[in-house]
Amino acid sequence: MLSEDDWGVWRELRLAALAEAPYAFGSTLADWSGDGDQEGRWRARLSMRGSHNLVALLDGTPMGMASGVPGSGEGTAELVSMWVSPAARGRGVADSLVEAVAAWALERGSHTLELAVMPGNSRAIALYRRLGFKQTDILGSPTPDGSSHELVMSKPL
């Protein structure tokens, strides 16, 4: 688990994620670079109340990230900021990150893990389905272009 003092590694991964997969996130590289790229902001993200922030290492190199945050309802937690470097995909990194967030959610008394995914992100949707998530009828946040909404998926813990 990361602390706010680990902001540099979180920053490196988050900027890589936003550059490599801009279609996968509600925020953009422009949001977090330039004037938005400030140590205090990165530290604040990692010290968000109730969050559980993880980085996955593969051969000692940071290759993925994910966070767990309190969910919108009683007994729910949410998986956010999930990303794995293309060099580490297909090697179990994503599974490990999701499993670690699920374990954290169970420890805090959650019975459901939710996530939101962009509707066109078929690889992520397939991963989440394989890990037991099912699409809900809940309407997620609008996509950045306003053309649709994120898909909300959940799984019982």
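Just above, that's the structure.
Residues numbered from 1 in each chain as written. Predicted model: local features only at pLDDT ≥ 70, side-chain atom pairs only at ≥ 80, totals over all residues. Heavy atoms only, no water.

**Here we look at the pattern of salt bridges**
1) Next: By the definition in use, this model includes six salt bridges.
2) Next: Here Arg-43 makes a salt bridge to Glu-4, at a shortest N to O gap of 3.4 Å. Of this pair, Arg-43 sits in helix α3 (residues 39–46) while Glu-4 sits in the segment before α1 (7–20), placing them 39 residues apart in sequence.
3) Next: Glu-4 sits in the partly exposed class, given a relative accessible area of 35%.
4) Next: Asp-95 is the salt-bridge partner of Arg-130, the closest N and O atoms lying 2.7 Å from each other. Within this pair, whereas Arg-130 is found in helix α5 (residues 122–130), its partner Asp-95 is found in helix α4 (residues 93–107), the two being separated by 35 residues in sequence.
5) Next: Residue classification places Arg-130 among the exposed positions, given a relative accessible area of 53%. (Salt bridge = Lys/Arg side-chain N within 4 Å of Asp/Glu carboxyl O. Helix = DSSP H or I, 4+ residues; strand = E, 2+ residues; numbered from the N terminus. Buried < 20%, exposed > 50% of the residue type's maximum accessible area, 1.4 Å probe, protein only.)

**Things to note about the side chain of Thr-112**
1) Next: Position of Thr-112 relative to the elements: it lies in strand β4 (residues 112–117).
2) Next: Engagement of the side chain of Thr-112 in a polar contact is seen with the side chain of His-111, the distance being 3.0 Å.
3) Next: If sequence neighbours within four positions are ignored, Thr-112 has contacts with Gly-75, Thr-76, Ala-77, Ser-154, Lys-155 and Leu-157. (Polar contact = N/O pair within 3.5 Å; in protein donor to acceptor, adjacent residues only side chain to side chain. Contact = heavy atoms within 4.5 Å.)

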